[in-house]
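A closer look at the structure
The lines below spell out each chain.
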Amino acid sequence: MRPLIALQASVTALGAFAGVFVHAGHGAAAVARYASLMMATAALSIVLTYAAGKRWRISARRMLRAGFSLPVVLLWWADGRPDLLALSVGGFLGLTWGARHWLELHLMADADRDGYAAHAIALAVGVALAATLTVSAVLTLSHEDHRPVYALFALLAAAGAVLAGRGIPQAPPVAWDAPLAVLRQPAYLACLPLFLLESGLLGIGTVLTASGAVRALESASNFGWAASAATVVGALALRALRKHRHSENRIGWMAGACVGVVAAAALLGASAVWPLLFVMHLLLQAAVGPFWAASEHVLNQRAMDIHGSVGDRIVAREGTLGVFRLITLGGFWWATQTLDDRQRLIAGATLMGLAAVLELWLGRAWLGVRHASDRAPTAG
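These numbers come from a predicted model, not from an experiment.

Assigned secondary structure in the chain consists of 16 helices and 0 strands. A total of 380 residues make up the chain; the buried ones form 55% of that total. By sequence separation, contacts in the chain at least 24 residues apart represent 86% of the contacts at least 6 residues apart. Carbon and sulfur atoms provide 68% of the accessible area of the chain, an area that totals close to 15600 Å².

Below, the discussion takes up the confidence of the model for the chain. Chain-level pLDDT for the chain is 81 on average; 86% of the residues reach the 70-or-more range. Taking the mean pLDDT of every element in the chain, the minimum, 65, falls on helix 12 (residues 220-240) and the maximum, 92, on helix 7 (residues 147-163). Here residues 370-380 is a poorly scored stretch, pLDDT under 50, and it has 30 contacts once near neighbours within four places are set aside; other chains count.

All right, on to empty space enclosed by the protein then. Using the criterion set out here, one finds 3 cavities of 30 Å³ or more in the structure. For the second largest cavity, the calculated volume is near 50 Å³. Lining the second largest cavity, in full, are Val11, Thr12, Leu14, Gly15, Pro71, Leu75, Ser88, Val89 and Phe92. Residue assignment for the lining of the second largest cavity shows that the elements contributing at least two residues are helix 1 (2-12), helix 2 (14-26) and helix 5 (82-107). Here the lining of the second largest cavity takes 3 residues from helix 5, the largest share from any one element.

This brings us to the nonpolar core. Residues Tyr34, Tyr50, Phe68, Leu75 and Leu85 are the most contacted members of the largest nonpolar core, which totals 92 residues. Counting residues per element, this core draws most heavily on helix 3 (residues 28-56), at 11 residues. Setting aside chain neighbours within four positions, we find tyrosine 34 in contact with Ala18, Gly19, Val22, Pro82, Leu85, Ala86, Val89 and Thr206. In terms of nonpolar packing, the next biggest core, distinct from the first, is built from 6 residues, Ala9, Met108, Tyr116 and Ala120 among them.

Moving on to the environment of valine 162. Assignment of secondary structure puts valine 162 in helix 7. Residue class for valine 162 comes out partly exposed when judged on its relative accessible area of 46%. Each C-alpha atom of the pair valine 162 and leucine 64 lies 10.0 Å from the other, and the pair is 98 residues apart in sequence.

About the cut-offs
- Residues numbered from 1 in each chain as written.
- Predicted model: local features only at pLDDT ≥ 70, side-chain atom pairs only at ≥ 80, totals over all residues.
- Heavy atoms only, no water.
- Helix = DSSP H or I, 4+ residues; strand = E, 2+ residues; numbered from the N terminus.
- Buried < 20%, exposed > 50% of the residue type's maximum accessible area, 1.4 Å probe, protein only.
- Contact = heavy atoms within 4.5 Å.
- Areas by Shrake-Rupley, 256 points an atom, 1.4 Å probe, with all protein chains shown as cover.
- pLDDT = per-residue confidence, 0-100.
- 1 Å grid on protein atoms, 1.4 Å probe; cavity = no way out; pocket = protein on both sides within 12 Å on 5 of 7 lines; lining within 4 Å.
- Points joined across faces, edges and corners; volume = space filled by probe spheres on them.
- Core = buried A, V, L, I, M, F, W, Y, C linked by side-chain atoms within 4.5 Å.

Here is the structure:
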């Protein structure tokens, strides 16, 4: 799985810059539209691909290659076109993450998830750091020209299209049978508050980060350098402590990471008044982000230990997340129409901090419950 994780993380690093690019060229409203289209495309890509898997028995390997091929084609024309950029990023994320979730849920026992998550997140952060540093250098040397950046990511995606999937464990073809039956389960309905908190605020975070970066750092290259410096701390810390995570202490790790996430949200809100605090927000968020992401990785897989085939569970979850993301972003944008950028930043940061606390509260309940099925992979 390591080559897949590394290649996926290298192309995903474009997402850190995409919102900043759109905000710098078109403003905050364009970022909201970009985020909405990107998230809708990601959810639809997963659902449609699994539907195709039911009919044509598409393998996870082919699904991965299709996901990497999309930005190879589209990114060459993405400069100044937020909608095309959203289709490229969203399609890539949907197809590659759909295949990766498929493999992980098929092959991973619950007892193995903490160590795997720590290794996977540390590798992804390290690769994303290298990509971010490279992009920052390209932007600096090209005087903020975005076209070389898109070309760079198109080439990285091309490498992924060729190499992704080689040597990965075999899994049955991607398919669904009855995802609506999953949606009707009481156990799945109990997951909905968790899914809303974990991913429902993704679009809001995209808008807020882009807005804060433009206000405080003024250019995408400055954002890249600051994010790169900050990410080193989290990547090294997570890698050093990766062997200390296991199924018995996962709640403690999540609680510690939550404190950092809430503090980072507070700094983001305060940057509306003192813009330089956005750099402090980046530093803290990058330091605790990998730990929070590893906890969420385990939590998401734990929540999916319910009845139904793997394909049905993934389609139900991704469809739900897509709806939640669009509703929360649209609702937030509508509710803050009368606010200026500074006030919107404060309101959004407050919302994200509260969401992290609520997610921890729900996570304690989910991760504190053990079942006999935890000791073996869930194959549906």
